[in-house]
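Observations on chain architecture
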Amino acid sequence: MDLREKERKTVEILRALKKVNYPGYSRDIVSFGFLKKIEVYDDDRVFIDLEISTQKEEVIEQIKEKVQEEIGKIGWIKGLELSVREREIFRRQKIPIKGKTVAIYSTKGGVGKSSIATQLAYTFSVLGLKSSLLDLDVYGPSIPKMTGTQDSEPTSYDGQHIIPVEKEGVRIMSLGYMAKGDTPVIWRGPLVIKAFRTLIFSTHWPDTDVLVIDLPPGSGDIQLSLAQEVNIDGIVMVTTPQDIALEDVRRGISMYRKLEVPILGIVENMSWFTCDSCGKKHFIFGKGGGELLSKVYNMELLGQIPFDYELLELADRGKIYVLEKKNSEVAQAFLSIAKKIIDLLKISV
Ligand SMILES: Nc1ncnc2c1ncn2[C@@H]1O[C@H](COP(=O)(O)OP(=O)(O)OP(=O)(O)O)[C@@H](O)[C@H]1O
Ligand SMILES: [Mg+2]
């Protein structure tokens, strides 16, 4: 669907929504400012997000019915996903740092979130920022090994605050330092959330300019709690160039958008492999995934990171790639992405 068609369809939906009055009023829900989003997908399904200032269940129900009725009159719509919710006031707490927080997210596992979180944290540090790295993958923390700090232990001076581990200028905190062993930490529900809160609120690194958070894959408890309970300045979505599951990504994006957490953009990882002997780029993992996502969801493509075997190999040995291979194509890609994030979040360097 081209942009013009999308626009035309969106306007048509907007007109229909303007026919829905707030129960008991002659004013419509759009002019009340309750419409948060209209999204028309390429397959003519539609997502409408409404946020209503009411605590009355029956008001929500009436609005839902009326919206469905009006939208039902539009012939081309193949399916409606309607979200009508009470305007919630989240009591988000500020993470106790002076700077900004960026979380690295993907719906799929194994796309390179932890690698990107780690390399970005060190790239910020190279750029002169006081940078910290928080591993919130409480199910399978990989940052300690990736940074060669698995034998370190955070300390505490008062039994309340945790002093993070530090390596080459970057402070690191992970549950992996506390729950050691080879078996992944398999926790559920309340325990996970408790661990999450401890890591976020008890780690002592107040002078942090930029905190990079590594997340587990998917959109479960941790991602939801993070979005609801703390102020995140931006999400970076990671994808690979293969045929990606657009539906999965859409779920993740709509979760963050509903909760009004800004998505800074997309990083495509393992975009190509540059051959040592012929110097050509080989698109071994497919092509175009990041670009497609950025178009479909109207998000900036922050950058593409090539596949480099040394990234994997150095990580296995606990060495920091961007410090070891400063002039490489991959390090340059991280530099450019980090600079874009700095601009987007207005961090002063
Ligand atoms: N650009 C790259 N070039 C080479 N290897 C990479 C690249 N990016 C990631 N890898 C490797 O791919 C593997 C998976 O990466 P990583 O652990 O960062 O993914 P993840 O998304 O955090 O996974 P999970 O969902 O399990 O947390 C690791 O072995 C990592 O070293
Ligand atoms: Mg990971």
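Residues numbered from 1 in each chain as written. Chains lettered and ligands numbered in written order. Predicted model: local features only at pLDDT ≥ 70, side-chain atom pairs only at ≥ 80, totals over all residues. Heavy atoms only, no water.

1. Focus: the domain arrangement of the chain
Looking at the assigned domains, one finds that the chain contains domain 1 (3-86) and domain 2 (100-344). If you average the C-alpha positions of domain 1 and of domain 2, the two centres end up 36 Å apart. Counting from both sides, the interface comprises 12 residues of domain 1 and, opposite them, eight residues of domain 2. Summed over both sides, the interface of domain 1 with domain 2 buries roughly 740 Å², with 42% coming from carbon and sulfur. At the junction of domain 1 and domain 2, the tally comes to one salt bridge. Where Glu-39 meets Arg-257, a salt bridge forms, and the shortest distance between an N and an O atom there is 3.7 Å. The tally of links from domain 1 across to domain 2 stands at zero residue pairs in polar contact (both at pLDDT 80 or more). For the side of domain 1 that touches domain 2, the elements supplying multiple residues, two or more each, are strand 1 (35-40), strand 2 (45-52) and strand 3 (79-86). (Domains from an automatic or database assignment. Contact = heavy atoms within 4.5 Å. Buried area = accessible area lost by both parts, 1.4 Å probe. Salt bridge = Lys/Arg side-chain N within 4 Å of Asp/Glu carboxyl O. Polar contact = N/O pair within 3.5 Å; in protein donor to acceptor, adjacent residues only side chain to side chain. Helix = DSSP H or I, 4+ residues; strand = E, 2+ residues; numbered from the N terminus.)

2. Considering the sheet that holds strand 1
Remark on secondary structure: sheet strands pair via backbone hydrogen bonds, oriented parallel or antiparallel. Judged by pairing direction, the sheet is mixed, and its three strands sit side by side in the order 1-2-3 without closing on themselves. Each edge of the sheet is formed by a strand with only one pairing partner; in this case those strands are strand 1 and strand 3. Taking the axes of each pair of neighbouring strands and ignoring which way they run, one obtains an average angle of 5° across the sheet. Pairing geometry for strand 1 and strand 2, over five bridges, is antiparallel. In the strand pairing of strand 2, Ile-38 is matched with Ile-48. Relative to strand 1, helix 1 (residues 3-17) is tilted by about 140°, and along the sheet it contacts strand 1 and strand 2. (Pairing = 2+ DSSP bridges. Axes fitted to C-alpha atoms, helices over the stretch in contact; angles between N-to-C directions.)

3. Structural notes on the site of ligand 1
Lining the immediate surroundings of ligand 1 are 18 residues, of which Gly-110, Lys-113, Ser-114, Ser-115 and Asn-269 lie closest. Backbone polar atom of Gly-110 to an oxygen atom of ligand 1: 2.9 Å apart, as the coordinates give it. Between Gly-112 and ligand 1, the recorded distance is 2.9 Å, taken from a backbone N or O atom to an oxygen atom. Elements that contribute at least two residues to the shell around ligand 1 include exactly helix 3 (113-126), strand 10 (263-274), strand 12 (301-307) and helix 9 (309-316). (Near = heavy atom within 4 Å.)

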